[in-house]
Amino acid sequence: MTKFGIKFLCGVCVFPMALIAAESVAEEGKTSLLMDEIVVTSQKREQSLRDVSVTVTAFSGDQIQKLGFEGSADIGVQVPGLTVATVSGSPSIALFNIRGINQNDFADHHESPIAIYEDEAYIASLTAANFGLFDLQRVETLKGPQGIVFGRNATGGLIHFITKKPTTDEVNGYAKLKVGSFNQVRVEGAVNLPLGDNTAIRLSGMRGKHDGYLKNRIGTDAHEQDLSALRAQLLFTPQENIEVIFKAHYAQNDNESTGAYSELVSAPTGPNGTGELVGPNENPWGTCNGCDVFGYKPPSDDPLDGERDYEGFLDREVYGAGLHVSWDLDSFTVVSVSDYRKSKKNYAEDAEGSPNPLLNFATAADVETFSQELRANGETDNMRWLLGANYLKINGDYGSKIWDSSNFTGITGTADGLSFNTYSLWSQNKEAVSAFGQIEYDIADKLTAIAGIRYTRDKVDHSWRNTVVLDPFGFFALPGAVTQFDAKSTDNLFDFKAVLEYRPDDNWMLYGGVSQGSKGAGFSGQYQPDFAAAIPFGREKLIDYEVGAKGYLFDGAAFLNGSFFYYDYKDYQAFVFDGLAQRVANIPATIIGGEVELKASPMDGLDLSMGVSVLFEAKAKDVLMPDGVLKDQKMPMAPDFTLNGIARYSWDVPFGLASIQVDGAYQDKVNFAVINHPSTIGESYVVMNARISIAGEDDRWEVAGFVRNFTNKRYKTYALDVSSFSFVQAQFGRPRWWGAEVNVNF
């Protein structure tokens, strides 16, 4: 751990001492940013956060703004147990990991075991999971299996983004302008327009641009942004007990310069044939000290400073529409949620990040998703119930290509490679039908039992073709490998939940229970010839044994949320990347850990927050190593320890309120691969941010300055070992980022 990290932890250790002052907090004071109660819908009905027997971290729209979250991947910094990796440094693919659970295969057709939802609609495609944040009501991160209420592929949890809805009350809205480092300009805004007593429309949008921060000495800098997004929602209430909301949305990443990595020179000289980094005085490739197979050595020790011969790009469109209908009857409520979403992506990258034509990679995806849920929920004096059914259809066409030149004429281009050129085209159609129910029954005044079950019938139809255009050196000449594969899969999945809640008083809830989440079988997405037996993989199943407690301390001045869990992970769908083979394999795993979140306002104007996540064990068992030996390995992207914190102080000024805020996070060492290559280790790090602002009365306006990563820390966010080609693909977080913003609310 760095010296700065030690100081940060010491500061957090002082946190409980500040709580001693909480008992003297005046009842009247400034509004607390962190202690304002957030209503969540983690059980498909509105509840206070402290009344839900699920480990939930929630942010309000105001908190999201003041923490500087601009994209869906940003929230991980302040959610204990959540880590996020953007594989290519772009929005192309985002990998979300909760409590060590993830699916870190970057093939576009896969679904994550961490489900992403927007306004109760499932975002199935990985290509659409990383998006810009604007005009949000709140974000909820639910940890542990959530399949009963939310459905398939929430094995490890889910993240739910809830947008602000139209209202018939009044005209209102906001406008925001942000400028920052690397010529960043970001504008966003929204307006709510009542159209009578029973109709309203809310229009919102954002536009964000900045230059690339990954320097290229011989070409265009990478990791720029050119993002536009629009959303329109129409509210119609034909009767007092019927609410209809129609939503349409569109987002585009317009030919962003991205798809680039920091090259780390490596060789397959580690234990069991694993990759390890090449030191400055080592020469395993017989070229020069510290050099790759071409005799190239990165020009700088700064991983954000490099040379790349091929300029990668991202073109992506995501658009769709949804309909949410709620009908309140005398004894129950009926809800219908319909959603259509289409995502189209073209992406290419300089895979090794050097000036040599060694290895380039491109993908394309065209995915359509339709989902329909119909449910009813109601309650009596001592019981709450939920019953529903869900239908999901995913149709996708995909392509990928690897080649070794600076020329690119599309996925099926035949004149691109110098020494090799191969591409794959495949389609995958999925259909899932499910039925679910949950009952909460008050056994006694202080004791409640919860039971739920979900059945899902999951069907997958997969068709894959590979074409080897150029391969004179036999890179892809694997004896027994196939170049085409067609198969179908049908799964019957059962998830369950059984929980007891105990409330000793009005401030506290204790809970414990067991739940099971599952994810259906599927097929790997190869970009090279492979063995037919290696392409299919089976279902995975996770059983979660969990206890927790949440409640208020010091007369409501602090809120504590803690849990301990044991995961028995059956047939974990592990992504194995060996050489150039890209496969998913089923292996057993065990994860044991816990989390604590503490928020407090110990004195007038002071807000404090701390989150801790610990994994006592996160083990993938019987992993096939490159030399054929089976070994237990650490789960990928699963740090033993994480810590996040926020300190914010506000004080009165003649024309409003001034605030200063410091927030940050520490992440322990991780390995980014289930085969624990020494080359794919991400060292521990601390990232700190600061913000100072002045706001007018009633928060009508605000002017703020900020700096993110103010120590300019270089920290690894993703790594993929390709030591057979003498390099590791590595991504590093953003450098120091200064900026200012103006916000106006009306």
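See the structure above.
These numbers were taken from a predicted model, which means no experiment stands behind them.

1. A closer look at the overall build of the chain
The helix and strand tally for the chain stands at 3 helices and 42 strands. Against the 2.2 N^0.38 benchmark of 27 Å for 746 residues, the chain shows a C-alpha radius of gyration of 26 Å, consistent with a compact globule. For the chain, the spread of C-alpha atoms along the principal axes amounts to about 75 × 55 × 50 Å. Burial analysis of the chain (746 residues in total) assigns 58% to the buried set.

2. Topic: the side chain of S601
Looking at the element boundaries, S601 is found in strand β31 (residues 581-603). At a separation of 2.7 Å, a polar atom in the side chain of S601 contacts the side chain of D607.

3. Points about the nonpolar core
One finds I159, F161, M635 and V674 to be the most contacted residues of the largest nonpolar core, which totals 45 residues. Secondary structure elements with two or more residues in this core: β5 (94-98), β6 (114-118), β8 (136-143), β9 (157-163), β30 (558-578), β31 and β32 (606-624). Considering each element in turn, this core owes the most residues, 6 residues, to β30. When residues no more than four places from it in sequence are discounted, the contact partners of V674 are Y572, A574, F575, V576, I587, A620, V623, Q633, K634 and P636. Counting residues in each nonpolar core, the second largest holds 37 residues, with V87, A260, F420 and F575 among its members.

4. As for the sheet that holds strand β40 (residues 716-722)
Within a sheet, each strand pairs with its neighbour through backbone hydrogen bonds, oriented either parallel or antiparallel. On the basis of which strands lie adjacent, the open sheet formed by 4 strands has the order β17-β16-β41-β40 and antiparallel pairing. On the outer flanks of this sheet lie β17 (276-277) and β40, each paired with one strand and no other. Here strand β16 (residues 262-267) pairs with β17 via 2 bridges, running antiparallel. Its bridge partner being in β17, A267 is matched across the sheet by E276.

5. Brief notes about the state of the cysteines
For the structure shown, the criterion picks out 1 disulfide. The disulfide partner of C288 is C291, and the S-S distance across this bridge is 1.8 Å. On the S-S bond that ties C288 to C291, the torsion sits near -105°, and the link is left-handed.

6. What about the environment of L387?
As for its position among the elements, L387 is in strand β22 (residues 383-403). On the accessibility criterion, L387 (54% relative accessible area) is exposed. Spatially, the C-alpha atoms of L387 and V707 are 47 Å apart, while their sequence positions differ by 320 residues. For L387, the residues in contact, after removing those within four places along its chain, are L374, R375, A376, F436 and G437.

7. So, the pairing of strand β11 (residues 184-194)
The pairing of strand β10 (residues 172-180) with β11 spans 9 bridges and is classified as antiparallel. Pairing of G173 across the sheet is with V191, part of β11. Count of turn residues in the β10/β11 antiparallel hairpin: 3 residues, of which F182 carries a positive phi of about 55°. Bridge count for β11 against strand β12 (residues 199-210) is 10 bridges, and the pairing is antiparallel. Bridging across to β12, R186 finds its partner in G208. Connecting the antiparallel pair β11 and β12 is a turn made up of 4 residues, with G196 showing a positive phi of about 125°.

8. Digging into the pattern of salt bridges
Per the counting criterion, the structure on display carries 36 salt bridges. Here K430 and E111 are joined by a salt bridge, their closest N and O atoms 2.7 Å apart. Here E111 lies in the loop between β5 and β6 and K430 lies in strand β23 (residues 421-442), a separation of 319 residues in the sequence. Residue classification places K430 among the buried positions, given a relative accessible area of 12%. Residue classification places E111 among the buried residues on the basis of a relative accessible area of 4%. E595 is paired through a salt bridge with K143; the nearest N and O atoms lie 4.0 Å apart. Taken together, the residues E595 in strand β31 and K143 in strand β8 connect sequence positions 452 residues apart. One continuous salt-bridge network, built from bridges that share partners, spans D62, K66, K176, R691, E702 and E741.

9. Topic: the sheet that holds β9
If you walk across this open sheet you meet the 5 strands as β3-β8-β9-β6-β7, and the pairing is mixed. For this open sheet the edge positions go to β3 (55-60) and β7 (121-122), each flanked by a neighbour on one side alone.

10. Quick word on the packing of aromatic side chains
In this description, a pair of aromatic rings is defined by centroid distance and the angle of the planes. Applying the stated criterion to the full structure yields 31 aromatic pairs. With a centroid separation of 5.7 Å and an interplanar angle of 80°, the aromatic rings of Y310 and W403 are classed as edge-to-face. With Y310 in the loop between β18 (305-306) and β19 (313-328) and W403 in strand β22, this residue pair connects regions lying 93 residues apart in the sequence. Assigned by exposure class, Y310 and W403 land together as buried. A ring pair is formed by Y649 and W651, whose centres lie 5.8 Å apart and whose planes are at 20°; its orientation type is stacked. By relative accessible area, Y649 is classed as partly exposed at 32%. Exposure remark for W651: the relative accessible area of 33% places this residue in the partly exposed category. An aromatic cluster is present here, built from F106, F361, F575 and F577 joined pairwise through their rings.

11. Section: unusual backbone geometry
Positive phi outside glycine occurs at D571, with the angle close to 55°. With respect to the helices and strands, D571 occurs in strand β30. A residue is classified by how much of its surface remains accessible, and D571, at 40% relative accessible area, is partly exposed. The backbone of N709 shows a phi angle near 55°, a positive value even though the residue is not glycine. By the secondary structure assignment, N709 is in the loop between β39 (701-708) and β40. Residue classification places N709 among the buried positions, given a relative accessible area of 2%.

12. A few points about the layout of surface pockets
Over the atoms rolls a probe the size of a water molecule, and its path tells where empty space is left. Volume-wise, the second largest pocket comes out at about 640 Å³. Taken together, 35 residues line the second largest pocket, and the ones lying closest to its centre are E263, L264, S300, D301 and P303. Secondary structure elements with two or more residues in the lining of the second largest pocket: β16 and β18. The element best represented in the lining of the second largest pocket is β16, accounting for 4 residues. For the lining of the second largest pocket, the per-class residue count stands at 16 nonpolar, 8 polar and 11 charged.

13. What about a nonpolar patch on the surface?
Taken together, the side chains of L177, V179, V185, V187, F655, I694, W701, V703, V742 and V744 present a nonpolar region at the surface, about 760 Å² in accessible area. Take W701: it is sitting in strand β39.

14. Notes on the pairing of β23
Bridge count for β22 against β23 is 21 bridges, and the pairing is antiparallel. Looking across to β23, one finds that R384 is bridged to E440. Here β23 runs beside strand β24 (residues 447-470); their pairing, made up of 22 bridges, is antiparallel. Within β24, the position partnered with Y423 by the bridge is T467. In this structure, the hairpin formed by β23 and β24 is closed by a connection of 4 residues.

Calculation notes
Residues numbered from 1 in each chain as written. Predicted model: local features only at pLDDT ≥ 70, side-chain atom pairs only at ≥ 80, totals over all residues. Heavy atoms only, no water. Helix = DSSP H or I, 4+ residues; strand = E, 2+ residues; numbered from the N terminus. Rg over C-alpha atoms; globule rule 2.2 N^0.38 Å. Buried < 20%, exposed > 50% of the residue type's maximum accessible area, 1.4 Å probe, protein only. Polar contact = N/O pair within 3.5 Å; in protein donor to acceptor, adjacent residues only side chain to side chain. Core = buried A, V, L, I, M, F, W, Y, C linked by side-chain atoms within 4.5 Å. Contact = heavy atoms within 4.5 Å. Pairing = 2+ DSSP bridges. Disulfide = S-S within 2.5 Å. Salt bridge = Lys/Arg side-chain N within 4 Å of Asp/Glu carboxyl O. Phe/Tyr/Trp six-rings, centres within 6.5 Å; stacked < 30°, edge-to-face > 60°. 1 Å grid on protein atoms, 1.4 Å probe; cavity = no way out; pocket = protein on both sides within 12 Å on 5 of 7 lines; lining within 4 Å. Points joined across faces, edges and corners; volume = space filled by probe spheres on them. Nonpolar A, V, L, I, M, F, W, Y, C, P; charged D, E, K, R; others polar. Patch = residues over 30% accessible without salt bridge, like charges linked within 9 Å, V, L, I, M, F, W, Y side chains within 5 Å. Areas by Shrake-Rupley, 256 points an atom, 1.4 Å probe, with all protein chains shown as cover.

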